[in-house]
Amino acid sequence: MSRLISARALDRRVEDFDAIVSELGLAVVRRTPAIVSGRMPNGSTVHVLRCGAVVVEDVGEPDRVLDAVDSALSAQFRVGAAENLELRIGSDPPYALPRVGWNRVHLPEDRPGLVGAVALVLGQSAALERHEAATAELVREALDLARLLAGRRLPRSTSKLVGRVGEVLRHRLELAQGFYLVDRPDEAWDDPQVARLFDDLSHNLELGERHKAMLHKLSAVEHACESAIDLWHGRRSNALEWAIVLLIVVEIVLAAVGYV
């Protein structure tokens, strides 16, 4: 048996699973802190990830199901581009363990834990793309800032720079809170097959390498913004010191003139 499993990133993290379940009309079949899985009224299986992604399983047209999800969630979320994998169950020849190929996953049986692990990794990959796109924009802005500093100019205000640092911290915390890019989810510790599948598929989609690259870029952006803020405050401090010196000189001159 073969079916397509497709993931799309949402434009933000999911805080309330119950609201999503209600909007989609899901009949929940499995729920963990990271993912909730259920069936839509049309019979398609949908997985919603806490980190901000939707994954659907469908033997026919997964894009149609994703469009229906997008329509149901349009008031709250914007659904982005999809990532797809072919999911084969009990393939020929039969495999005792899950096997991960280039764009295909073979499972020995149609077990919720195994399918959920595929959905979790694929959904994380899609959600990670959202952070990668935002990080690329932050890097571009940091490069513009570096060019400004290279021209011996400083920004007129630090408010935007502080906002950039806040964006960097937000991405860092979301990566730590909603993703399993360094550690495995709890269910992977209880089932060797789920653990192997999670590790192999994470390696195949290069989640670890992409996570490290993004943290490196975020660190570079943070350093650039903090350096610009320090330089800006240094210049303001120098200006304040010169203003104080000037006031002292003026007072001395006025005192001397009055004394004479």
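Described in the following lines is the structure provided in the data block. (Residues numbered from 1 in each chain as written. Predicted model: local features only at pLDDT ≥ 70, side-chain atom pairs only at ≥ 80, totals over all residues. Heavy atoms only, no water.)

1. As for empty space enclosed by the protein
In this approach, a probe sized like a water molecule rolls over the atoms, and the result shows the empty space that is left.
Thinking step 1. Within this structure, the stated rule accounts for one cavity of 30 Å³ or more.
Thinking step 2. In this structure, the largest cavity occupies an estimated 40 Å³ of space.
Thinking step 3. For the largest cavity, the full set of lining residues is Arg30, Gly113, Gly116, Ala117, Leu120, Pro185, Glu187, Val194 and Phe198.
Thinking step 4. Those elements that provide at least two residues to the lining of the largest cavity are helix H3 (112–150) and helix H6 (192–204).
Thinking step 5. At four residues, H3 tops the list of elements feeding residues into the lining of the largest cavity.
Thinking step 6. The residue inventory of the lining of the largest cavity, partitioned by class, reads five nonpolar, two polar and two charged. (1 Å grid on protein atoms, 1.4 Å probe; cavity = no way out; pocket = protein on both sides within 12 Å on 5 of 7 lines; lining within 4 Å. Points joined across faces, edges and corners; volume = space filled by probe spheres on them. Helix = DSSP H or I, 4+ residues; strand = E, 2+ residues; numbered from the N terminus. Nonpolar A, V, L, I, M, F, W, Y, C, P; charged D, E, K, R; others polar.)

2. Looking at the packing of aromatic side chains
Thinking step 1. This structure, assessed with the given rule, holds zero aromatic pairs.
Thinking step 2. The aromatic ring of Phe17 is capped on one face by Arg50, whose charged end is 4.0 Å from the ring centroid. (Phe/Tyr/Trp six-rings, centres within 6.5 Å; stacked < 30°, edge-to-face > 60°. Lys NZ or Arg CZ within 6 Å of the ring centre and 35° of its normal.)

3. Some points on the nonpolar core
Thinking step 1. Judged by nonpolar contacts, the single largest core of 49 residues is most densely connected at Ile5, Leu87, Val105, Leu107 and Val118.
Thinking step 2. Residue assignment for this core shows that the elements contributing at least two residues are strand S1 (2–9), strand S5 (53–58), strand S6 (82–89), strand S8 (104–107), H3, helix H4 (159–178), H6 and helix H7 (207–259).
Thinking step 3. The dominant element in this core, judged by the number of residues it contributes, is H3, at 14 residues. (Core = buried A, V, L, I, M, F, W, Y, C linked by side-chain atoms within 4.5 Å. Buried < 20%, exposed > 50% of the residue type's maximum accessible area, 1.4 Å probe, protein only.)

4. Focus: the packing of H3 against H6
Thinking step 1. Between H3 and H6, the shortest axis-to-axis distance is 9 Å and the interhelical angle comes to 25°. Accordingly, the angle class assigned to the pair H3 and H6 is roughly parallel. Seen from above, H3 lies across H6 with right-handed handedness. Residues Gly113, Leu114, Ala117, Val118, Leu120, Val121 and Gln124 of H3 lie in contact with H6, whose contacting residues are Gln193, Val194, Leu197, Phe198, Leu201 and Ser202.
Thinking step 2. Looking at side-chain class alone, the contact of H3 with H6 contains nine nonpolar, four polar and no charged residues. (Axes fitted to C-alpha atoms, helices over the stretch in contact; angles between N-to-C directions. Parallel < 35°, antiparallel > 145°, perpendicular 65-115°, else oblique. Left-handed = near helix turned anticlockwise from the far one by under 90°. Contact = heavy atoms within 4.5 Å.)

5. Considerations on a nonpolar patch on the surface
Thinking step 1. On the surface, a cluster of nonpolar side chains totalling about 500 Å² of accessible area is made up of Trp242, Val245, Val249, Val253 and Val257.
Thinking step 2. Classification of Val245 as partly exposed rests on a relative accessible area of 41%. (Patch = residues over 30% accessible without salt bridge, like charges linked within 9 Å, V, L, I, M, F, W, Y side chains within 5 Å. Areas by Shrake-Rupley, 256 points an atom, 1.4 Å probe, with all protein chains shown as cover. Salt bridge = Lys/Arg side-chain N within 4 Å of Asp/Glu carboxyl O.)

6. Quick notes on the pattern of salt bridges
Thinking step 1. This structure, assessed with the given rule, holds 16 salt bridges.
Thinking step 2. The residue Asp144 makes a salt bridge to Arg147 at a minimum N-O spacing of 3.4 Å. Note that Asp144 and Arg147 are positioned in helix H3 at a spacing of three residues, about one turn of the helix.
Thinking step 3. Residue classification places Asp144 among the partly exposed residues on the basis of a relative accessible area of 36%.
Thinking step 4. The exposed category is assigned to Arg147, whose relative accessible area is 53%.
Thinking step 5. A salt bridge links Asp200 to Arg196; its shortest N-O distance comes to 3.5 Å. Placement of both Asp200 and Arg196 in helix H6 is noted, with a separation of four residues, approximately one turn of the helix.
Thinking step 6. Shared partners join several salt bridges into a network, and the residues in it are Arg130, Glu167, Arg170 and Glu174.

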